[in-house]
Structures are given as structure tokens and as C-alpha cells.
Amino acid sequence: MVAQGFTVDLNKALVFQVGHLGEAYQEWVHQPIVSKEGPRFFESDFWEFLTRTVWWAIPVIWLPVVCYSISVSIWMGHTVPQVTLMVVLGIFVWTLMEYTLHRFLFHIKTKSYWANTAHYLLHGCHHKHPMDGLRLVFPPAATAILCVPFWNLIKLMSTPSTAPALFGGGLLGYVMYDVTHYYLHHAQPTSEVPKNLKKYHLNHHFRIQTKGFGITSSFWDKVFGTLPKSKSAKSK
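Residues numbered from 1 in each chain as written. Predicted model: local features only at pLDDT ≥ 70, side-chain atom pairs only at ≥ 80, totals over all residues. Heavy atoms only, no water.

- Under an unreviewed UniProt entry, the protein chain has the name Dihydroceramide fatty acyl 2-hydroxylase fah1 and belongs to Nicotiana attenuata.
- Annotation of the protein chain in UniProt includes, under Sequence similarities (unreviewed entry), the sentence "Belongs to the sterol desaturase family."
- The record held by UniProt for the protein chain lists under Subcellular location (unreviewed entry) the comment "Endoplasmic reticulum membrane". (UniProt positions renumbered as here; feature names shortened; annotations may be inferred.)

Let's talk about the overall build of the protein chain
- Each helix and strand in the protein chain was counted, giving eleven helices and two strands.
- Counting from the amino terminus, the protein chain carries its helices and strands in the arrangement β-β-α-α-α-α-α-α-α-α-α-α-α.
- Expected size for 236 residues packed as a compact globule is a radius of gyration near 18 Å; at 19 Å, the protein chain falls within 12% of this value.
- Across its three principal directions, the C-alpha atoms of the protein chain cover 65 × 50 × 30 Å.
- Surface summary for the protein chain: the accessible area is close to 12800 Å², and the carbon and sulfur share equals 68%.
- Side-chain charges of the protein chain comprise 20 positive and 12 negative groups, with the mean position of each set lying 11 Å from the other. (Helix = DSSP H or I, 4+ residues; strand = E, 2+ residues; numbered from the N terminus. Rg over C-alpha atoms; globule rule 2.2 N^0.38 Å. Areas by Shrake-Rupley, 256 points an atom, 1.4 Å probe, with all protein chains shown as cover. Lys, Arg positive; Asp, Glu negative; His and termini not counted. Charge placed at Lys NZ, Arg CZ, Asp CG, Glu CD.)

Considerations on the packing of aromatic side chains
- Counted by the stated rule, this structure contains 20 aromatic pairs.
- Ring centres 5.1 Å apart and planes at 75° place the aromatic pair Phe46 and Trp47 in the edge-to-face group.
- Relative accessible area serves as the criterion here: at 49%, Trp47 is assigned to the partly exposed category.
- Residue placement shows Lys128 over the ring face of Trp28; its charged tip is 4.4 Å from the ring centre.
- One cation-aromatic arrangement involves Arg135 over Phe41; the distance from NZ or CZ to the ring centre is 3.7 Å. (Phe/Tyr/Trp six-rings, centres within 6.5 Å; stacked < 30°, edge-to-face > 60°. Buried < 20%, exposed > 50% of the residue type's maximum accessible area, 1.4 Å probe, protein only. Lys NZ or Arg CZ within 6 Å of the ring centre and 35° of its normal.)

Structural notes on the side chain of Lys198
- In this structure, Lys198 sits in helix H9 (residues 192-206).
- One buried charge, Lys198, has no salt-bridge partner; the nearest side chain with opposite charge is Glu192, at 14 Å.
- Here Ala187 takes part through its backbone oxygen, which lies 3.0 Å from a polar atom of the side chain of Lys198.
- Ignoring anything within four residues of it in the chain, the contact list for Lys198 reads Leu184, His185, His186, Ala187, Gln188 and Pro189. (Salt bridge = Lys/Arg side-chain N within 4 Å of Asp/Glu carboxyl O. Polar contact = N/O pair within 3.5 Å; in protein donor to acceptor, adjacent residues only side chain to side chain. Contact = heavy atoms within 4.5 Å.)

A short note on the UniProt feature "transmembrane region" (unreviewed entry) in the protein chain
- In this structure's numbering, the residues bearing the UniProt feature "transmembrane region" (unreviewed entry) are residues 54-77, 83-101 and 136-154.
- Across residues 83-101, helical content stands at 100% and strand content at 0%; the span's end C-alpha atoms are separated by 26 Å.
- Helix makes up 79% of residues 136-154 and strand makes up 0%, while its end C-alpha atoms are separated by 27 Å.

A word on the UniProt feature "domain: Fatty acid hydroxylase" (unreviewed entry) in the protein chain
- The sites that UniProt annotates as "domain: Fatty acid hydroxylase" (unreviewed entry) are residues 87-226.
- Across residues 87-226 one finds 70% helix and 0% strand; the C-alpha atoms that close the span lie 27 Å apart.

Considerations on the environment of Tyr183
- As for its position among the elements, Tyr183 is in helix H8 (residues 163-186).
- In sequence terms Tyr183 and Pro194 are eleven residues apart; their C-alpha atoms lie 9.0 Å from each other.
- Apart from residues lying up to four places away in sequence, Tyr183 is in contact with Pro189 and Pro194.

With respect to H8
- Taking 1.5 Å per residue, 24 residues should reach 34 Å; H8 reaches 35 Å between its end C-alpha atoms and fits that length.
- Across the 24 residues that make up H8, a large majority, 18, are buried. (Expected span 1.5 Å × (residues − 1).)

Remarks on the packing of helix H4 (residues 57-75) against H8
- For the pair H4 and H8, interaxial distance at closest approach is 7 Å and the crossing angle is 160°. In terms of orientation, H4 and H8 fall into the roughly antiparallel class. Relative to H8, H4 is oriented so that their crossing is left-handed. Of H8, the residues touching H4 (which contributes Ile58, Pro59, Trp62, Leu63, Val65, Val66, Ser69, Ile70, Val72 and Ser73) are Pro164, Ala165, Phe167, Gly168, Leu171, Leu172, Tyr174, Val175, Asp178 and Val179.
- In terms of residue class, the contact of H4 with H8 is made up of 16 nonpolar, three polar and one charged. (Axes fitted to C-alpha atoms, helices over the stretch in contact; angles between N-to-C directions. Parallel < 35°, antiparallel > 145°, perpendicular 65-115°, else oblique. Left-handed = near helix turned anticlockwise from the far one by under 90°. Nonpolar A, V, L, I, M, F, W, Y, C, P; charged D, E, K, R; others polar.)

Next comes the structure, spelled out in C-alpha cells:
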């Protein structure tokens, strides 16, 4: 694969190669390679290990945090119905974050060396190798770091007793997102709703990569006008 005189060698560690593509990076990264065998990212075995995450690590690590956070609001005097409402609100807010991050951060246009490199690590690798099962969910170490500003933002916008349940709801929304994302890539659903959701998401990868940013639903795509047209609608 040659771009601007630079060839990306898929048999070598990729992360520090992709930046050299410059403006051609965007075209290169959106030409998916369909293989369950992912590429090597780093020469270092340590850093390479940190880029690989099994899907089940997400619920195993984060659901106890969710339960603890929700419990804190109950211990501080809120009733179960009140806490349930807070959790649902947290999940709803996460769905907007999911859409916003995917559309405006994960699909940001880059061309400089370090911007291309950062984008590849953040999301570009997933579009280049969409079936790489060990680099589909977000690494727990990175999630833990991002939880800090998320928690501080919630504390700023809520009360001490409601913040834990809102945080737990948002974190639960994230867990649902990551597990759903893995499911859409690697499962073979038989019922109508998950089949349509899988088709919707794979359409984003392989047909119209500038639309269809929702993962767990198409709700925000409908709200903000980024719902892709169906093939039948485009042919009319």
C-alpha cells in the first residue's frame, strides 16, 4: 500500500509507520482489511500487550464499579426508584457521549505525523482491521484514566448524593456500548433487532463511513441528520 511515496509494511509494527502517510492516511485507514488476525502495533511486547483486550474483561472489571457507585447513592438516602431514574439518566447521557465522541473525535480528519499516529491508536486501527477481536473494546487502563474527568464533571453538575448513581449509570452505558460493539462484529444474531443493528453498524464500516455513528442505537443519528440512506432509497 503506497501513499505519497511511503509504503506501509503490514508485516511490521504499524503504529509508528502510519504517521508517515500524511494526507493519504485518511484514504488508507478507511480501506478495511477483513481478517480476525490483527496486526502488530508495537515492537515492544509490553506495549503490544496493553493494546489487546478480551471483550469479557469489560463487564468483569467495570460492573462491580457500577454496582458500588449505585449503592453509594442508596446508602446516602435515596430510594431505589430515585436511584433507578438517575441510572437511566446516566445511560441516556452516555448514548449522547457515544455518538458525539464517535462522530467528532474518532472521525476527526488528520494529516500530521503525530495526529495520524494518535488517531490510528484511538480509532483508525478499528476501521483498518474491523474484525480484530482483541482491539475492539476499549483497554481498561485507558478507560480508568478517562473516568477521572467524567467523574469530576458529574460532581460539578450534580449533588454529592446523586453523583455516584449518575456516574454508575454512565459507566453502565459504556459497558453496554462496548459489549454491544463486540457483539455486532463477531456474533451472528438471529432475531430482528440485533440483526438490523449489526447491519446498521457494518454499513458504517464498509459502505458509508461518514454516517451512522450510533453503536447501541440509531437514535442520535436520526436526531442530528447522520442517518445513512438505505440502498433502495439511494437508487430512487
